[in-house]
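Survey of secondary and tertiary structure
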Amino acid sequence: MPDHTHGALDDIATEINSSNVEVEQRQDQFGIFRVNLNIAYIDSTFIRTTSDTESKFSIPFTLPPLQEDFSITTSAIGTQTPGVAPTYVLDEVAISFDQRCEGGVIADFMHKGLSVGTITSNGVAAGDTFTINGIVFTAVFAAANPALQQFEDLAWAGTNIAVANSIIATINHPTSQALIAGSAGNNDGVYVIADDNNTAAVPVRASRGGNFLDGTLSTSNPGTLPIVQFAVGLAGNQSPEGGRLDFSANTDAYDLGFSLLEKTPYFFDNSIVRPEREVISADLQSLSFIGSRRDNPYVISDIGKVIDPYRTYVAQLNVHSLNQLEAGDPLAFWHTYALVNVVISMRFKAKLVARDSGVGTVQNIPTIHDGTKTSRSVSITVPPVGTEIEADGADGFNTALADIDEVFQTKMNGGYNRDSSVPVEEDLAEESCYEIIAVPIFQNTDEAGLTAERVLDAWPWVGTNVQPVDDRTFVRITYPFALHHVVIAYNWQGWLAPISTTYGVTQAADGPNFSAEFGIGLGEGLRSDNYDYTLLANDTLIGPRTANWDLTLIDRIRTSEVPLATDGTGLTLDWDLELHQIRLVGAGGTGYYAQGQPIFIGEANWPDTNARANVNAVAPPTGGREQFIEVRCRLEDAVNGIDNATAGGGQSDGSILTGYQGHWVFLIGKKTCIL
Amino acid sequence: MPYRDQPRKATKEQFSANTTIDGNRIDRATEDVTDRFNDIPLADIRRRFVSNTLVQGWTPQEAVFYDVTANDQLPYHHFPWLDLYNHWRARDDSNSMVVDTTQTPTFQNPFRIKGTSIPGIDHEARLAFDNHPQGRQYAWTTTLYFSKPAVLYDWSIMMLTDVEHGTAASPQNFTYDGVTPPEGETAGDPSKDVVVCISVDNPFNPDRQVYSSQVVARNRFEVSRENVSLNALPATGFADFAPTVFGSARFTNALPPAGMWMDLSMNVPVPRNSRVRMAIVIPAYDGVVVGPGSWGDSTSAIYYPDPWYRMKPGSQLSWLEEIE
């Protein structure tokens, strides 16, 4: 009975000999990929109002199916229907930020303003002026008390003060008596501080020894004691406190909220702009981060939520407590904080899949192997019917067992080596995994975002307003990777512009010739003789909120109550963030929009894996010598100028070019098991 | 070599001539092999790690100097670079009007990153002219958490330079000051003042950095030797891609990357539930005792330490995670 003794073993050998050991036959069937988002900082200027609605910092992303799994019905954008594709599982989220290894909170650069000056009232005469950081203060004495040597009414004529009530004054008195306003017989004076550009009195706090007196004060029972110190803090100026640790009683400054939200993309339903579902959420208490024992990174584990490849997801961090501002609080700018170097790392599981192969289907693939597999040769000799069952010999049962066992002993193989070569023999049918690499661009400017008002001053390499504004990020190639999709998240999130004070941040850029061009290329040149690039993907968005801007639109997402990107037809469909596809070069691929086939990326050895298939029908200039991926973004208005209208440019006053902490480029594809 | 009681992996059954070979044993052996083949354990798979990567970086703000007379407030901040030495607290209320040199003995980790000492910086010294320390160091620190074992295997650190970050008179070429270098160093020599390191927090006392384990450390290396390329990359004659960077009247050709690009190949196992910290540390010399070198502009009438604007920083950490 040869089938009884050798049948199963022969079947096993057949699978091994065709490199067809499937993932379902394995105990461990899932690869790990992460969406790793790094934000240089999020500070109190992100909070545009005191309402919680404008404090949700958001980064959208999507995990589209790999090209071989991508299917949609063809109909008008906004009404497409997705097909069936493999899903992923969200396993864990970790959120970290830099606290300098201490249990304090990091002050931001609005903290306490900048100007600190000391003025004493002894010998001051009416009309005397004092300059603090370029702001001229003039002593003015109330007519009723001209003989009193004190500041009874201090006005200033500052040219750089944007908002009168952003000035905070603190007066210290050396006496042991607390300052009380309006109390008859009190020897301490109270003072009115007024901006001569605005006659309304501003909040003032008088303090000494922990006693505080708040409110808007008017002259009453002026005393005879001099002012010892007079401090003025101006909002919007760099504070020397920025970056320092604050251990004060503001223990709720790091009360945060994290949410992962889900929505149907505009591509499938153009009536939806708001996220529809919350996948997970967590309240991060400030007490977790202060004190001698800290949960930083804050980890949410064992989540187990299914992720749909045809949905948009939004990682959202609610930073409502970074700004301890309360209406009328004259000490508001003592209590503003930042999250520094935030990392949101989301860990996903995806079932292992077969790697890309074939010169005609994968661009830039090493032609020496085309991604195809060479199998083992396990030979099982099945004895003829009627033969005696033997242990040894060519058709012996033990011989067959040993041949199969040899495969387990030497371990089943599959995947790529780091130099893009493949193992001599492979057994596994599926050895690759979904991958997404998040690349930041235009991040960490001086205001966190770029405005038309300030771009020419704030960004390096910029000349005239019709010249481009460029940024680039480099990604080192450390393992073979097949690029299937490129998705960009264009950011229109506003902020409280501390430097762009003339026009602030009121809307998204609107110049009809304002363009954003994204390009992804392979590069060689690190410690090498040659320097070249191969283009992988490129698209240009022209004229925000026009058809040319939306040529490859995937989604629009609204995360705030006051979004800056408006469609002009109504408020309900306004949005803060966009997702666009940047199409791969070439043809014959799939995606939200027609694009090229997947592109293999990997370092080579010489002379084996350097020979590569064509990219976009021509030999790639990098010739298999790629060492890094370069991501570029160019913002430009070569016709009307990238700056604002009043300055002569093509964007409305108050336009933003890049939102708070810039844009994201997601490189999506397939990676293999290595090592 | 671990002990095993028999030489096979798939089954314990062994058959040889002149021994029994009844049906039960054959069935058992076949079943063992088939079961294992249909439920292959991880130990039977040769390649079982996939790589994951964290990409970080930005282009720094235009380097302008604070000029009190013009009330010029740029640049605005230096995040995410934070002072290495935990010593001064932020003033937190209006009563704290003293000069900020009061030592607060309540810091848990005053020197929060190990192995960062460099010549020319003394955090605890107080200079006579303004009572400030002799220089500072600023760290860009990133923290990751690994709930399952992982292997850190590649770290690329970039500090790319061009004429915009630095000036012709004060370029960023990673050299010591030409007049007052740190003690023991030669004026104008390649500087050795960048520190890169990775540490793993102690699992029993993760918030005390004195107990952390430093698994990767590079200090006192010549920064300029970790260059993008020994030969300056050509400004013309190479295949570029769209958008051709800086293709404007100001820069007629794309600027090839220059400066430091260091690739660290590692093989650092990280146990489960580990908190891993990466740090890149740069210097800000005081400017008087030790000149700023290429980390500041000593040609400016108002010296302002601005090391964080004098290069384009980038970092990419890659690590392996096991399939599951």
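Residue positions are counted from 1 within each chain, in the order its sequence is given. Here every chain gets a letter starting at A, and every ligand a number starting at 1, in the order they are written. In view of the model being predicted, local features appear only for residues whose pLDDT reaches at least 70, and side-chain atom pairs are presented and counted only at 80 or more, with totals across whole chains, interfaces and linings using the full set of residues. By convention in this description, side-chain values take in all heavy atoms of the structure and omit both hydrogens and water.

A short note on the overall build of chain A
Definition in use: Note on conventions: DSSP H or I runs of at least 4 residues are helices, E runs of at least 2 residues are strands, and numbering of each starts at the N terminus. For every residue, the accessible area obtained with a 1.4 Å probe (protein chains only) is divided by the maximum for its type, and the residue is called buried under 20%, exposed over 50%, and partly exposed between those limits. Any two residues having at least one pair of non-hydrogen atoms within 4.5 Å are treated as being in contact.
On a plain count of helices and strands, chain A comes out with 3 helices and 36 strands. Taken over 675 residues, chain A has a buried fraction of 63%. The long-range share in chain A, meaning contacts at least 24 apart out of those at least 6 apart in sequence, stands at 77%.

Some details on a negative patch on the surface
Put simply, the test is: Note that patches include only residues with greater than 30% relative accessible area and no salt bridge, and the join distances are 9 Å for like charges and 5 Å for nonpolar side chains (Val, Leu, Ile, Met, Phe, Trp, Tyr). Each accessible area is a Shrake-Rupley result for a 1.4 Å probe, and residues are judged covered by the shown protein chains and nothing else. Salt bridge, as applied in this entry: a Lys or Arg side-chain nitrogen positioned within 4 Å of an Asp or Glu carboxyl oxygen. When charges are counted, Lys and Arg contribute as positive and Asp and Glu as negative, whereas His and the chain ends are disregarded. Charge coordinates come from a single atom per side chain, which is NZ of Lys, CZ of Arg, CG of Asp or CD of Glu.
Taken together, the side chains of D27, E31, D35 and D39 of chain B make up a negatively charged region of the molecular surface. Secondary-structure assignment places E31 of chain B in helix α1 (residues 23–38).

Quick look at the nonpolar core
For clarity, the threshold we go by: Definition of nonpolar core: a set of buried residues of the types Ala, Val, Leu, Ile, Met, Phe, Trp, Tyr and Cys, connected through side-chain atoms within 4.5 Å.
In this structure, F258, M346 and F666 of chain A are the most contacted members of the largest nonpolar core, which totals 140 residues. With 9 residues, the single largest contributor to this core is strand β21 (residues 337–351) of chain A. In this structure, F258 of chain A is in contact with V93, I95, I280, S281, A282, L284, I300, A315, Q316, L317 and I344 of chain A, ignoring residues within four places of it in sequence. If you look at the next biggest cluster of nonpolar residues, it comprises 50 residues, including W58, W81, L144 and V290 of chain B.

Description of the packing of helix α1 (residues 2–17) of chain A against α1 of chain B
Counted only if it meets this: Orientation is described by axes fitted as lines to C-alpha atoms, over the contacting stretch for helices, and by angles from 0 to 180 degrees between their N-to-C directions. If an angle is under 35 degrees, it is roughly parallel; if it is over 145, roughly antiparallel; if it lies from 65 to 115, roughly perpendicular; otherwise it is oblique. It is the rotation of the near helix from the far one that decides the hand of a crossing: anticlockwise by less than a right angle makes it left-handed, clockwise makes it right-handed.
As a packed pair, α1 of chain A and α1 of chain B sit with axes 9 Å apart at the nearest point and diverge in direction by 20°. Relative to α1 of chain B, α1 of chain A is oriented roughly parallel. Of the two possible hands of crossing, α1 of chain A and α1 of chain B adopt the one that is left-handed. Facing α1 of chain A, whose interface residues are H4, T5, A8, L9, I12, E15 and I16 of chain A, α1 of chain B presents I26, D27, T30, V33, T34 and F37 of chain B.

A word on the side chain of E13 of chain B
Its location among the elements puts E13 of chain B in the segment before α1. Take E13 of chain B: its relative accessible area is 13%, and that puts it in the buried class.

Overview of the confidence of the model for chain B
All names here are of chain B. For clarity, the cut-off: As a per-residue measure, pLDDT reflects the predictor's confidence and takes values from 0 up to 100.
For chain B, mean pLDDT is 83; residues scoring 70 or higher make up 79% of the total. Strand β5 (residues 195–200) holds the highest mean pLDDT among the elements of chain B, 98, whereas α1 holds the lowest, 91. For residues 64–75, every residue scores under 50 in pLDDT, and the model assigns this stretch 31 contacts once sequence neighbours within four places are set aside. Within the model, the stretch residues 93–103 combines pLDDT values under 50 with 33 contacts to residues more than four positions away or in other chains. Among the prediction metrics, the complex's ipTM stands at 0.92, with pTM recorded as 0.88.

Observations regarding the pattern of salt bridges
Counted by the stated rule, this structure contains 46 salt bridges over all chains. Note that E524 of chain A is salt-bridged to R625 of chain A, the shortest N-O span being 2.8 Å. One end of the pair, E524 of chain A, is in strand β27 (residues 515–524); the other, R625 of chain A, is in the loop between β33 (599–601) and β34 (628–636), and 101 residues separate them in sequence. The salt bridge involving D550 of chain A is made with R556 of chain A; its shortest N-O contact spans 2.7 Å. Relative accessible area serves as the criterion here: at 10%, R556 of chain A is assigned to the buried category. Taken together, the shared-partner salt bridges connect R34, D91, R347 and K349 of chain A together with K148, E321 and E324 of chain B into one network.

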